[in-house]
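Summary of the model geometry
Listed here are the chains, written in short residue letters.
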Amino acid sequence: MKADIRVALVGNPNTGKSTLFNTLTGLNQKIGNFPGVTVDKKTGYCQLPDGRTAQIVDLPGTYSLYPKSQDESIVFSILADKANPLRPDLVVVILDATNLKRNLLLYTQVADLKIPVIIALNMMDLAKKAGTVIDIDLFSKKLGVPVVPMSARKLDGIDKLKAAISFANKIALQEESIDVETIAPQLIGRITREFELDNPYYALQLAHQHETIKFISPAESERIEELEKEFSFHSQKAQAAETIARYSFINELLYDTVKVPDTAQDETLSNKIDKILTHKVFGFIIFFAVLLFMFQSIFSWSAYPMELIGDLFVWIQSGLHHLLPAGPLTGLLIDGVIGGLSGVMVFIPQIAILFAFISILEDTGYMSRVTFMMDKLMRKVGLNGKSVVPLIGGFACAVPSIMSTRTIENWKDRMITIMVTPLVTCSARLPIYTLLIALVVPNRNVWWLFNMQGLALTGMYIFSLISAIVVAFVFKLILKGRERGYFIMELPVYRMPRWNNVAYSMYERSKSFVLQAGKVIIAISVILWVLASYGPGNRFAQIEKKYQQPQYTQHLKPDELTRAINSEKLENSYAGALGHAIEPVIRPLGFDWKIGIALITSFAAREVFVGTMATIYSVEGSAEKMESVQQKMKTATNPETGQPVFSLAVAFSLMMFYAFAMQCASTVAVVYRETKNWKWPAIQFAYMTVLAYAASFFAFHLLK
Amino acid sequence: MTLSELKKGAIGIVKGFTDLEMSVKLMEMGCLPGEEITVARVAPLGDPIAVNVAGYQLSLRKFEASTIILQ
């Protein structure tokens, strides 16, 4: 779509910016990445009353143009870089009318960049309720910009904002807020002249941010560094002076235009809620209750849609099998591509539900309180209050949980959280654990109450949390922090969740998961399919020939014959060859070549294990026929020793392997996507594989 | 006296900072010299704390609060 004007939305977090964005653009929006960084770029289109189309760019929420996280650094880059394709013609600054003082700091900074600007004065309904009176006309006149009072949640003032956007000036007419040049007069003068700039505040920002911004050349950055030395510029002192000057301008402005009731206010509702939700005892009880509910819902609500999606793909696959002529290409399409795709799609319900919960918890303001309560505890092991959410989400699936670590501003805390989240027992490990536990742990009660199999499963879950915490602690000692960790965070007022935003978040996250992780999963599934369906030389032809002999065709039923052929083909396929090849490596863990194949195929996704086991033990089909897989695995004996293959030692050794190994292509893909560096998924893969091997080895030899 | 020593419910007025880097971040968030500040709540485990300042609620760790000098 072609737009006539580009508008950027800028504002503090919790000002209703995303609500406004969703209202302006509707479903007409797109999420991409800003070039070079993982920050979500949200753009959409909006029809203006004069018939023109505006492209709306939603910039990350920030308290100032001085960035504290990767997200925030985008704001200055887009507003200041004249060559940036997303540079707006107009900026709409959203201010929270109930919290004007702090909100105005960002406004004055943006206004000083001299881009045409409009103020959307949001949450007017709440300000009025609190008794705040704002002289909008005087406010607008003093700043020299149009001010649109509105309540985005109630859709009040949206039309007026659209009208203001279409009438907006092409040139910046806003009044000066502070005299920027007095902060560093000589330096600003020199940078302005040498770089031919027309704006002193832009020059000052270059002086502050030249080391981190990407749109100036290294030579230019070095020149600025030289000038800074020459005029002994001190970045933090200059920033402090600027902030003080801006707040004194803001205080004066608010003194003239805003009347706040001076009667002592009653205790706010938010404070009353906080007394319970962050209470010493109830606070934690409520938190664990919320988690339990979330955890339960992710499992129970997603079960039916997941089954439905699985069935749908089975239906498509069998339909295509009938339609298309049999052959290698059909096999690749149906079992490789569509099979791989179904592996991705099945996770959509869990992802959507997890993100619905996260979005509700964030929207209401409860997430900040969880962070507030857990920070001290989590900091001890190198994590952060904000790591709680991804770790808990990891019980469902590491993929969306790793995406949700973006809320952690501190780089080191975020990396550690990403590194340990896949250790938490995710839902894909569940079928493997249940299968193996059922094989070796007797279904008996101990102490009347506890089922031994249930205890073993619970043990695996607790074990995973402990290992995540221990590994986090180790990473805390190894990783070097890039910045000083701090925890200065707004505790927003409790609000009802905006269901629209919840729905958008479910939709967006699922979509980006399917598109991004989907590509990798499909690629790996195709490769695995090829490896399992072809063998070196003419071995496959020989197997076919062998089973055409009368002793097989006469004594075996047709489907038994197919199974026998498939089983022997698998052993002779490239995957089978791989299984035999790695057998010496995995023998110390108690595994044979068949388990080796399952291990290899499971590197695409853990849940493949059951299916591979089913194929290897030549059982028809899929995970649904767990009974028969179990029977086959139980009766499988080692040809050399005559002992059962799946002894207690082997089963626990396998479970240890699955507990630690990074056997999930989607997680690898999403870690790469979030860190934008192959180093991190590589380190993660390596450390998890080493741990898996060691844990398996000890489990096998202790239990043997 | 620093903010970390302020009792829950008591009112203080920001006078200055002991740490330049932290002061820049705190001032951006509205903790400026002359601003009134009250301790609203302490986290269940004793750290961080929540304070009311500049018309909203801010949470910060005890260590960070100890860099804010009160009048």
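Model, not experiment: these values are computed from the prediction. (Residues numbered from 1 in each chain as written. Chains lettered and ligands numbered in written order. Predicted model: local features only at pLDDT ≥ 70, side-chain atom pairs only at ≥ 80, totals over all residues.)

Once that is clear, we can look at the overall build of chain A. Within chain A one finds 31 helices and 12 strands. For chain A, the share of sequence-separated contacts (at least 6 apart) that also reach a separation of at least 24 residues comes to 71%. (Helix = DSSP H or I, 4+ residues; strand = E, 2+ residues; numbered from the N terminus. Contact = placed C-beta atoms within 7 Å.)

This part takes up the overall build of chain B. Of the regular secondary structure elements, chain B holds two helices and five strands. Listed N to C, the secondary structure of chain B is β-α-β-β-β-α-β in terms of helices and strands. Taken over the C-alpha trace, chain B has a radius of gyration of 11 Å; the compact-globule value for 71 residues is 11 Å, and the two agree within 12%. Based on the C-alpha atoms only, the size of chain B along its principal axes is roughly 30 × 20 × 20 Å. The proportion of buried residues among the 71 residues of chain B is 46%. Of the contacts made within chain B by residues no fewer than 6 positions apart, 51% connect residues no fewer than 24 positions apart. (Rg over C-alpha atoms; globule rule 2.2 N^0.38 Å. Buried ≥ 20, exposed ≤ 12 C-beta atoms within 10 Å, placed from the backbone.)

All names here are of chain A. In this structure, Val 93 and Ile 118 are the most contacted members of the largest nonpolar core, which totals 199 residues. No other element matches helix α29 (residues 648-660), which puts 10 residues into this core. Structurally, this core is a two-domain feature, drawing no fewer than three residues from each of domain 1 (5-167) and domain 2 (180-259). The contacts of Ile 118, once residues within four sequence positions are left out, are Leu 90, Val 92, Val 145, Pro 146, Val 148, Ala 164, Ile 165 and Ala 168. (Core = buried A, V, L, I, M, F, W, Y, C linked by C-beta atoms within 7 Å. Domains from an automatic or database assignment.)

Taken residue by residue, the interface counts 30 residues in chain A and 30 residues in chain B. Within the residue set of the side of chain A that touches chain B, elements represented by two or more residues are α3 (100-112), α10 (235-257), α11 (269-277), α12 (282-323), α15 (366-379) and β12 (489-490) of chain A. A per-element tally of the side of chain A that touches chain B places α10(A) first, with six residues. Its residues assigned to classes, the side of chain A that touches chain B shows 14 nonpolar, eight polar and eight charged. Relative to strand β4 (residues 56-60) of chain B, β12(A) runs antiparallel, the two being bridged by two bridges. Looking at the pairing, Met489(A) lines up with Ser59(B) of β4(B). (Nonpolar A, V, L, I, M, F, W, Y, C, P; charged D, E, K, R; others polar. Pairing = 2+ DSSP bridges.)

Let us now look at α15(A). Residues and elements named next belong to chain A. Taking 1.5 Å per residue as the helical rise, α15 with its 14 residues ought to reach 20 Å, and the 20 Å between its terminal C-alpha atoms agrees with that figure. Of all the bends in α15, the greatest measures close to 45° and is centred on Met 373. The buried count for α15 comes to 10 of 14 residues, which makes it a mostly enclosed element. Of the positions making up α15, those classed as buried are Met 367, Ser 368, Arg 369, Val 370, Thr 371, Phe 372, Met 373, Met 374, Asp 375 and Met 378. (Expected span 1.5 Å × (residues − 1). Bend = angle between axes of the 7 residues up to and from the residue.)

Peptide bonds are mostly trans, and most non-glycine residues show a negative phi. For the peptide bond that leads from Asp47(B) to Pro48(B), omega is -5°, which places it in the cis range. Looking at where Pro48(B) falls in the secondary structure, it is placed in the loop between β2 (36-42) and β3 (49-53).

All names here are of chain B. One ladder, built from three bridges, connects strand β1 (residues 11-17) with β2; its direction is antiparallel. Within the sheet, the bridge partner assigned to Ile 11 lies in β2 and is Thr 38. Relative to β3, β2 runs antiparallel, the two sharing five bridges. When the sheet's bridge partners are listed, Thr 38 is paired in β3 with Asn 52. Hairpin connection of β2 to β3: six residues between the antiparallel strands, including Gly 46 at a positive phi of 95°.

Let's shift gears to the domain arrangement of chain A. Residues and elements named next belong to chain A. In terms of domain boundaries, chain A breaks down into domain 1 (5-167), domain 2 (180-259) and domain 3 (537-569). A separation of 23 Å is found between the C-alpha centroids of domain 1 and domain 2. The interface is formed by 25 residues belonging to domain 1 together with 22 residues belonging to domain 2. Taken together, the elements giving at least two residues each to the side of domain 1 that touches domain 2 come down to α2 (70-80), α3, β7 (133-134) and α5 (136-143). Looking at the side of domain 1 that touches domain 2, the element that brings in the most residues is α3, giving six residues. In terms of residue class, the side of domain 1 that touches domain 2 is made up of 13 nonpolar, six polar and six charged.

Residue and element names in this part refer to chain A. With respect to the secondary-structure elements, Leu 479 resides in the loop between α20 (452-478) and β12. Judged by the 15 C-beta atoms lying within 10 Å of it, Leu 479 is partly exposed. A C-alpha to C-alpha distance of 38 Å links Leu 479 and Trp 529, two positions 50 residues apart in sequence. Leaving out residues up to four positions away in the same chain, Leu 479 has contacts with Lys 412, Met 415 and Ile 416.

A few words now on the sheet that holds strand β5 (residues 68-70) of chain B. Spatially, six strands are ordered β12(A)-β4(B)-β3(B)-β2(B)-β1(B)-β5(B) in an open sheet, and the strand pairing comes out antiparallel. Two strands lie at the open edges of the sheet, namely β12 of chain A together with β5 of chain B, each paired on one side alone. By the bridge criterion, five bridges tie β3(B) to β4(B) in an arrangement that is antiparallel. Residue pairing in the sheet places Ala50(B) in a bridge with Ser59(B) of β4(B).

The next point concerns the confidence of the model for chain A. Scored by pLDDT, chain A has a mean of 84; 93% of the residues are at 70 or more. The model gives residues 618-626 of chain A a pLDDT under 50, and that stretch makes 19 contacts with residues more than four places away or in other chains. (pLDDT = per-residue confidence, 0-100.)

It is worth spelling out the environment of Pro146(A) at this point. Residue and element names in this part refer to chain A. Structurally, Pro 146 is set in the loop between α5 and β8 (147-149). A tally of 22 C-beta atoms within 10 Å means that Pro 146 is categorised as buried. Distance from Pro 146 to Gln 174, taken between C-alpha atoms, is 9.2 Å for residues 28 residues apart in sequence. Residues within four places of Pro 146 in sequence aside, it is in contact with Ile 118, Ser 140 and Ala 164.

The next thing to look at is the pairing of strand β6 (residues 117-122) of chain A. All names here are of chain A. Along β6, six of the six residues are buried, which leaves the element largely enclosed by surrounding structure. Covered by surrounding structure in β6 are Val 117, Ile 119 and Leu 121 together with Ile 118, Ala 120 and Asn 122, the residues of both alternating faces. Alignment of strand β5 (residues 90-96) against β6, held across six bridges, turns out to be parallel. The residue bridging Val 93 from the neighbouring strand is Ile 119, located in β6. Handedness of the β5-α3-β6 crossover: right-handed. In this structure, β6 lies alongside β8, joined through three bridges in parallel fashion. Across the sheet, the residue bridging to Leu 121 is Pro 149, located in β8. (Right-handed = clockwise from strand over helix to strand, strands pointing away.)

Right, let's talk about the packing of helix α19 (residues 430-440) of chain A against α29(A) for a bit. Residue and element names in this part refer to chain A. Following both chains from N to C, one finds α19 and α29 inclined at 165°, their axes separated by 9 Å at the closest point. With respect to α29, the element α19 is oriented roughly antiparallel. For the element pair α19 and α29, the recorded crossing hand is left-handed. Seen from α19, the contacting residues are Ile 432, Tyr 433, Leu 436, Leu 439 and Val 440; seen from α29, they are Leu 648, Ala 651, Leu 654, Met 655 and Tyr 658. Its residues assigned to classes, the contact of α19 with α29 shows 10 nonpolar, no polar and no charged. (Axes fitted to C-alpha atoms, helices over the stretch in contact; angles between N-to-C directions. Parallel < 35°, antiparallel > 145°, perpendicular 65-115°, else oblique. Left-handed = near helix turned anticlockwise from the far one by under 90°.)

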